[in-house]
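Chains, contacts and geometry: an overview
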Amino acid sequence: MRIGVLGPVELTAEDGTEIPVPGARLRALLIRLALAVPDPVPTDVLIEELWGGAPPNDAVNALQSVVSRLRKVIPAVESANGGYRLAIEPNRVDAHRFARLVTEGNPAAALELWRGEPLRELPFASTHLARLRELRGTAVHQLCARLLDRGRATEVLARLDEVRAEYPLDERFAALEVRALHAEGRTSAALELYERVRAELADRLGADPGAELAAAHLAVLRGETPKRSVAISGRPPGALTSFVGRTAELAEVRGALTESRLVCLAGPGGAGKTRLAGEFASALAEEGSTVWFVPLAPVGAEADLAQAVLSVVDRELVLPEAGQPNVHTAFDRLIDVLGGREGVLVLDNCEHLIEAAARLSVALLAGCPRLRLLATSREPLAVTGERLHWLGPLSESDAERLFRERALAARPGAELDPESVTRICASLDGMPLALELAAARLRSMTAAQVAERLGDRFRLLSSGDRSAAERHRTLRAVVDWSWDLLDEPERMLARRFSVFANGARAETVAAVTGMDPDELLSSLVEKSLLVLDVSGDVAAPRYRMLETIKVYAGERLDEAGERESGTRALIAHYIEMLEAAEPRMRTAEQLEVLRQVSAEQDNALTALRAAIACGDSASAGRLIMALLVLWSFTGFADRHMDLVREVLATGPDPDRMETVVLRLLAHIAEPDPTAREREIMTLLDRWAELGGAVRFPFFVLVEPVFRSYFGDAESAFAAIERFEDNTDPWVRACCHLARCIIADNNGDAKTADEQARLAVDSFRRIGERWGLGMALGALSDRLVIAGQHQEAIDIYQEAIRLGSELGSAEMSTQHMVHLARVQRAAGQFELAEQGLLAVLERSDSDETGMQEVRVAAHLELAQLGVSAERAELASEHLGHAEDQLTALSMQTHRHTRARLGTVRARYELTFGDAGKALELLGAAYPDALSTRDMAMIGATVDTVAAALAALGHSVRAAEMLGASTAVRGTLDLGDRLVIALVEELSAALGEHGYREALERGALDGRDAAFERVNAQLTLRR
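Considerations on the overall build of the protein chain
Within the protein chain, the secondary structure is distributed over 49 helices and 13 strands. Within the protein chain, buried positions represent 52% of all 1021 residues. By sequence separation, contacts in the protein chain at least 24 residues apart represent 68% of the contacts at least 6 residues apart. Surface summary for the protein chain: the accessible area is close to 44200 Å², and the carbon and sulfur share equals 51%.

Shown next, in the form of structure tokens:
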């Protein structure tokens, strides 16, 4: 969407539809956030600028209310660093585009954005308004100066009339008006104006006119004739379409040519080099500079190059006098013509004559000291003094805007659904020519059909502008032109490189292609067949291939019969690389290794899918297992279970370790894994027999937890004992964590506390973040139950940081939900709410882990509403949680449904009827039991106790608290409901009576407690 503040507030969707922003305060907030994009605005600043010196009593909550209302209009409003921001590109706001255009020296385009008085609905905006007015003054001055230089004084005077009242003492405008009046022949008026301004400056400021105004006055006194535009020759081709994007590049090229006499605009075919060079040349011509534009594509031989340039630059010059001999060569004549002249020579499309173009450029610059030269080419000229400017794909927003404009020109009124437009632009790498060819297809197809058929892009984009050069009429012709300029070793490496999905580093290219790539990679980069990416590891940069070139090179790979050998090499390399990286992922080197492996993830997935496609189940099994380790650390494992099933469908050897583990994971991921309990236990036994801990240490933590869930605690602890003497410190640390988890669920609070701290200490010594984050979460849970809120808060904040360092949004957001739970328990309601709203913003996706986090956040917000006695907040988020239940797996659905039932019951206890709360608990309790999660069951039993107390059954309520103690091994003193209930029951029954009832409820252990709770709920029903 786009935001306009340079006039009445405007908010428009991508298709131009206006979005209403109701309410002056809402529009003021939108304006202020838009002015700051992409930075956040602190809360106190927003309050001051929205309300001035009279903020409401509860200003922070009032601001939050306005923010919440604005989010419903524009969801991009985010909480950030103690304030709020708009998560959009600056270019989406007209004020930012305006400032950029003024800075780039494009005043006409800037002033078109000015629609009237800006910021009218931001009442305390004097500083922002002053800045915008100053920029507008600069733009008007720039434009008027250019118009005056072109002899258009009448237009200058008309524009100055419009702004005189706004800038009464601005000497820049006075100087322009003096010059314009003089140019119109109104010398007396010019002198009178100067005297009037001089007097005003003296009276009001006590100052004399500045240098610019004084110089204009002196020019009038001397009768100097104002300068006019210089005639130009060799004009660039006239543009028939709008110039979309590239404004930044245009400014950069202009700047580069002021610093260097030779600039090469290089990039792949279809990137828009000729168009950009033409726009640059036209802009210079409009400003009165001398420009020669020489198209070299039609030139077939190096010998004809100098003559082609001469035919353009010699047009305006006088021929030799009659009888004078003309014995100069074309080059000599060029030196004669250009030797003393000042101007810019544009050589367009040098790549097929690259060596000759390089020699000619150097010679011309040496012989013509006032000449500057801009060359366009698919590779650099590679000469001393060359300033290189690479032209790559358009930005996402500019690519989509270009496609939409060209598509609507091809078929006015065409429906351009955003998803198809985005797919087309991404698939075509944001390259302008390819987008224009695709847009032309909308004469006979829909956008969705074009997007669907881009897999066969060379056939699809096979007709374009009939007037264009042959190499620009089809997509294949664009790439053919570049491919034909390669030698055979370059072509061989380029076609073999096409097996990579996401580029590769030089050593990977060597391993997979079987070639020594160093010189060839550099050559392919220079010829725009590859792109050098130094955004990651500068010491080991990646080489990438644009998608269209990759498809073309892939066709050449098939023609050469090298597809199978290339795929085999790719599979072998990524098995070796991932398996070698796995042990290092579990050490202090973790972040660096994960960064390196994550960069190769797309290529490894390509290798995996290739192994599946050719039925290589052994290789597929090794690849998926290595990738699952990576995804477990970064929080993506659950999202790739379809790949696990695809590997199993290839029929792998059932006795291979990978097969056993994959079958286990597939069973666990089923909607109801308890239905496969026997198979799961059998596979766990088989895993242990095969010595799985040696091959897959990750399962050292998983196996005991599975055994505890599907079997019993005894077999789980026995599994742990097998690994406790392992030489790997990470395995031993996992043993502590597994003991903590199982002891916690078994009601052994003392062991759980001890093992949580041992796990934290062990993972800290190792320096591995995932295990440490898990251990910190377990320790925090123990501290919360003990009522040690502040220590738990500090630990959760560390766990959140660790998740962020790992790049695991799932891990960090899960910890954010837990942190909010502790903050709520500690009475920090505002902080808890802010954190949970941030979770909802960060988890706004349909990915598996994020769905679960989002529902958990809604449920915690509902519980927060209950605790803070805010019925509307609780009701709203209970509804959201219930609406999203269907998106969860059956196992997660059970947990969520049980917690939802418990929170609904607590809502009724606080805002409704205790009897109805007990009825809700009758339905929630079986769900809680089915989870086998003692913390979940205990929370439900605590709520049963609270409902009984509210109905006046204090003894039975205390007995239910006793049952809860038996279930989880201790009272949950981190739960505000339990804390309040203990105080209430102690007062009602006396300390002795309360203790007796509590002990009766806990008598005979957990199973008896389950029966006691069930009997109470049955009795109630």
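Moving on from the coordinates now.
A few points about helix H2 (residues 43-51)
Looking at H2, one finds that the buried residues are Thr-43, Leu-46, Ile-47, Glu-49, Leu-50 and Trp-51. Residues of H2 that are buried make contact with helix H1 (24-36), strand S3 (41-42), helix H3 (59-73), strand S5 (83-86) and helix H6 (126-149). Downstream of H2 by one or two residues, Gly-52 has phi in the positive range, about 65°.

Details of the pattern of salt bridges
Within this structure, the stated rule accounts for 55 salt bridges. Notably, a salt bridge pairs Arg-584 with Glu-589, separated by 3.1 Å at the nearest N-O pair. Where salt bridges share partners, they join Arg-764, Arg-769, Glu-798, Arg-801 and Glu-805 into one cluster.

As for the sheet that holds strand S12 (residues 531-533)
An order of S11-S13-S12 is seen for the 3 strands of this open sheet, with the pairing classed as antiparallel. Of all strands in the sheet, those with a lone pairing partner are strand S11 (504-505) and S12, marking the two edges. In this structure, S12 lies alongside strand S13 (residues 542-544), joined through 3 bridges in antiparallel fashion. By the bridge assignment, Val-531 is partnered in S13 with Arg-544.

Section: the pairing of S5
Strand direction decides the pairing type here: S3 and S5, joined by 2 bridges, are antiparallel. The partner of Val-41 across the bridge, within S5, is Tyr-84. Relative to S5, strand S4 (residues 77-80) is paired through 4 bridges, and the arrangement is antiparallel. Within the sheet, the bridge partner assigned to Val-77 lies in S5 and is Leu-86.

With respect to the packing of aromatic side chains
Here the structure, examined in full by the defined rule, presents 5 aromatic pairs. Each ring, one from Phe-633 and one from Trp-770, has its centre 5.9 Å from the other, and the planes form 80°; the classification is edge-to-face. Of the two residues, Phe-633 sits in helix H29 (residues 617-634) while Trp-770 sits in helix H38 (residues 769-785), which places them 137 residues apart along the sequence. Summarising the aromatic geometry, the rings of Trp-730 and Phe-763 are spaced 6.4 Å apart at their centres and angled 70° between planes, so their arrangement reads as edge-to-face. Within this pair, whereas Trp-730 is found in helix H36 (residues 729-745), its partner Phe-763 is found in helix H37 (residues 749-766), the two being separated by 33 residues in sequence.

A short note on the packing of H6 against helix H7 (residues 153-163)
Taken N-terminus to C-terminus, the directions of H6 and H7 make an angle of 165°; their axes are 8 Å apart at the nearest point. With respect to H7, the element H6 is oriented roughly antiparallel. The handedness of the crossing between H6 and H7 is left-handed. Residues Arg-136, Val-140, Leu-143, Cys-144, Leu-147 and Leu-148 of H6 form the contact with H7, whose own contacting residues are Ala-153, Glu-155, Val-156, Arg-159, Leu-160 and Val-163.

Points about H7
Burial in H7 covers these residues: Ala-153, Val-156, Leu-157, Leu-160 and Val-163. The buried residues of H7 occupy an angular sector of 130° when projected down its axis, which confines them to one face. Across H7 from its buried face, at more than 90 degrees, point the exposed residues Thr-154 and Glu-162. Contact partners of the buried residues in H7: H6 and helix H8 (171-183).

Considering the side chain of Glu-379
Following the sequence through the fold, Glu-379 ends up in the loop between strand S9 (371-377) and strand S10 (386-390). The residues contacting Glu-379, other than those within four sequence positions of it, are Cys-264, Ala-266, Glu-351, Ile-354, Glu-526 and Lys-527.

Concerning the nonpolar core
Formed by 173 residues in total, the largest nonpolar core has its most connected members in Phe-403, Ile-424, Phe-500, Met-585, Leu-608, Ile-624 and Phe-763. For this core, the element with the most residues is H29, which contributes 11 residues. Non-local contacts of Leu-608, meaning those with residues more than four positions away in its chain, are made with Ala-620, Leu-623, Ile-624, Leu-627, Leu-643 and Val-647. Judged by nonpolar contacts, the second largest core, of 76 residues, contains Val-9, Leu-26, Ala-59 and Ala-174.

With respect to the environment of Lys-273
Residue placement: Lys-273 occurs in helix H12 (residues 273-286). A sequence separation of 118 residues divides Lys-273 from Leu-391, and the C-alpha atoms of the two residues are 7.0 Å apart. Sequence-distant contacts of Lys-273, that is, excluding residues within four places in its chain, are made with Leu-265, Ala-266, Gly-267, Pro-268, Thr-376, Ser-377, Arg-378 and Leu-391.

Rules used in this analysis
Residues numbered from 1 in each chain as written. Predicted model: local features only at pLDDT ≥ 70, side-chain atom pairs only at ≥ 80, totals over all residues. Heavy atoms only, no water. Helix = DSSP H or I, 4+ residues; strand = E, 2+ residues; numbered from the N terminus. Buried < 20%, exposed > 50% of the residue type's maximum accessible area, 1.4 Å probe, protein only. Contact = heavy atoms within 4.5 Å. Areas by Shrake-Rupley, 256 points an atom, 1.4 Å probe, with all protein chains shown as cover. Salt bridge = Lys/Arg side-chain N within 4 Å of Asp/Glu carboxyl O. Pairing = 2+ DSSP bridges. Phe/Tyr/Trp six-rings, centres within 6.5 Å; stacked < 30°, edge-to-face > 60°. Axes fitted to C-alpha atoms, helices over the stretch in contact; angles between N-to-C directions. Parallel < 35°, antiparallel > 145°, perpendicular 65-115°, else oblique. Left-handed = near helix turned anticlockwise from the far one by under 90°. Arc of directions from axis to C-beta. Core = buried A, V, L, I, M, F, W, Y, C linked by side-chain atoms within 4.5 Å.

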